[in-house]
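Structure assessment
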Amino acid sequence: MLPDLKRCIWRWDLRRGIDGLATIVRFQFKLDPYDKNTLFLFCGRRCDRIKALLWEGDGFLLMYKRLDNGAFRWSRSADEAMAITDDQYRMLMQGLEIVARHPISELKETPRIM
């Protein structure tokens with residue numbers, strides 16, 4: 001079962017281990033790395049590798065995934081930890097974009113074609 005909340009964090013040095021990633025979560029983003037309901041996802045510069053950090057109540061679980069083909073696609077903002085839904089997490093793991101680069105916007109005025 002997936003945790004209730006997933007946070008994506010872009011562009012961090014994936015050489016960091018559990019303590020280094022937990023420090024980023026706590027001091028850079030002012031979030032609690034000991035929250036049992038939050039999975040923190042970290043993506044490196046190359047976008048083909050991802051680390052996940054999860055507090056299980058008795059210790060941290062550190063997961064690492066490297067794609068042989070393709071890249072993870074998400075917002076490239078290093079300033080915030082983006083919360084994503086279960087569906088967005090599944091899309092991310094399948095290599096789909098979770099944030100549209102050019103989202104469709106609602107028209108302010110209806111077109112006059114008739």
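Parameters and conventions
Residues numbered from 1 in each chain as written. Predicted model: local features only at pLDDT ≥ 70, side-chain atom pairs only at ≥ 80, totals over all residues. Heavy atoms only, no water. Buried < 20%, exposed > 50% of the residue type's maximum accessible area, 1.4 Å probe, protein only. Helix = DSSP H or I, 4+ residues; strand = E, 2+ residues; numbered from the N terminus. Phe/Tyr/Trp six-rings, centres within 6.5 Å; stacked < 30°, edge-to-face > 60°.

1. Section: helix α1 (residues 18–28)
Restricting attention to buried positions, one finds in α1 the residues Gly-20, Leu-21, Ala-22, Ile-24 and Val-25. Just past α1, the residue Lys-30 takes up positive phi, approximately 55 degrees.

2. Quick notes on the packing of aromatic side chains
One pass over the full model with this rule turns up three aromatic pairs. With 4.8 Å between their ring centres and 75 degrees between their planes, Tyr-34 and Trp-55 make a pair best called edge-to-face. Residue Tyr-34 is found in the loop between α1 and β2 (38–43), and its partner Trp-55 is found in strand β3 (residues 49–55); the two are separated by 21 residues along the sequence. Measuring from ring centre to ring centre gives 5.2 Å for Tyr-34 and Phe-60, while their planes differ by 45 degrees; the resulting arrangement is tilted. In this pair, Tyr-34 is assigned in the loop between α1 and β2 and Phe-60 in strand β4 (residues 60–66), connecting sequence segments 26 residues apart. Of the aromatic side chains, those joined through ring pairs into one cluster are Tyr-34, Trp-55 and Phe-60.

Shape descriptors only; they carry no functional weight alone.
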